[in-house]
Amino acid sequence: MAGKIKNCPMCGKLFADNGTRVCLDCYDKIKAKEAEVVNYVRDNPGAKIPEIVEATGAPEGMIKKMIREGRFEQIGVKMSYPCEKCGAPIITGKICQSCQEEVHKELQKKASAITAAKQAAKQQAQGHGMYSKNKLS
């Protein structure tokens, strides 16, 4: 079954999207760039992301995605990138475990405050309505 006909987001030409999200020519270019990055990292195991970007011309997002997918661990190189909140080294996601826990606690506090405010408003509204049991006696 053929995919939807779309314009390639990289080059603009029409293609039948079969799950690659880009045309076959651009897909081949992406795979070639990924192979270049893997080869560079294999040859330079201590390389950091900015160095890899400069040496290969690959976008930083592509390299981070490859790290998250474990592509460098497959060749015996452990790599990480900085947490977007505190800068700690991570290998998956956008923020480290510590920052995730901090954000989770903050969200729980806000959710509790909202729940408490709703309960207080509900209690305050009881007995003040037009047909309140207290007023009908």
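Attention here is on the structure that accompanies the text.

What counts as what
- Residues numbered from 1 in each chain as written.
- Predicted model: local features only at pLDDT ≥ 70, side-chain atom pairs only at ≥ 80, totals over all residues.
- Heavy atoms only, no water.
- Core = buried A, V, L, I, M, F, W, Y, C linked by side-chain atoms within 4.5 Å.
- Buried < 20%, exposed > 50% of the residue type's maximum accessible area, 1.4 Å probe, protein only.
- Helix = DSSP H or I, 4+ residues; strand = E, 2+ residues; numbered from the N terminus.
- Contact = heavy atoms within 4.5 Å.
- Salt bridge = Lys/Arg side-chain N within 4 Å of Asp/Glu carboxyl O.
- Disulfide = S-S within 2.5 Å.
- Expected span 1.5 Å × (residues − 1).
- Arc of directions from axis to C-beta.

**With respect to the nonpolar core**
- Counting 20 residues, the largest nonpolar core has V37, V41, I52, I63, I67, F72 and M79 as its most contacted members.
- Those elements that provide at least two residues to this core are α1 (24-43), α2 (49-56) and α3 (60-68).
- Contacts of M79, omitting those with residues within four sequence positions, involve V41, A47, I49, I52, I67, F72 and I91.
- If you look at the next biggest cluster of nonpolar residues, it comprises five residues, including F15, V22, C23 and C26.

**A short note on the pattern of salt bridges**
- One pass over the structure, following the stated rule, counts nine salt bridges.
- Of the charged contacts in the structure, one is a salt bridge between K13 and D25, with a shortest N-O distance of 2.4 Å. You can see K13 sitting in the loop between β1 (4-7) and β2 (14-17) and its partner D25 sitting in helix α1, a full twelve residues away along the chain.
- Looking at K13, the relative accessible area reads 37%, which means it is partly exposed.
- Residue class for D25 comes out partly exposed when judged on its relative accessible area of 42%.
- One salt bridge in this structure joins E34 and K31, with 3.2 Å as the shortest N-O distance. Of this pair, E34 and K31 both sit in helix α1, three residues apart, which is roughly one turn of that helix.
- Counted as one network, the salt bridges with shared partners bring together K31, E34, K65, E69 and R71.

**Comments concerning the state of the cysteines**
- Throughout the structure, instances matching the rule amount to zero disulfides.
- Here C8 is not cross-linked by a disulfide; its sulfur's nearest cysteine counterpart is in C26, at 3.7 Å.
- Assessed through its relative accessible area of 3%, C8 is described here as buried.
- Here C96 stays free of any disulfide, with the sulfur of C99 as its closest cysteine sulfur at 3.5 Å.

**Let's talk about α1**
- Here α1 contains 20 residues, and its C-alpha end-to-end distance of 28 Å stays within 8% of the 28 Å for a straight helix at 1.5 Å per residue.
- All of the buried residues in α1 are C26, E34, V37, V38, Y40 and V41. Within α1, the buried residues cover an arc of 165 degrees as seen down the axis, which keeps them to one side. Facing away from the buried side of α1 by more than 90 degrees, the exposed set consists of L24, K29 and D43.
- Against α2 and α3 lie the buried residues of α1.

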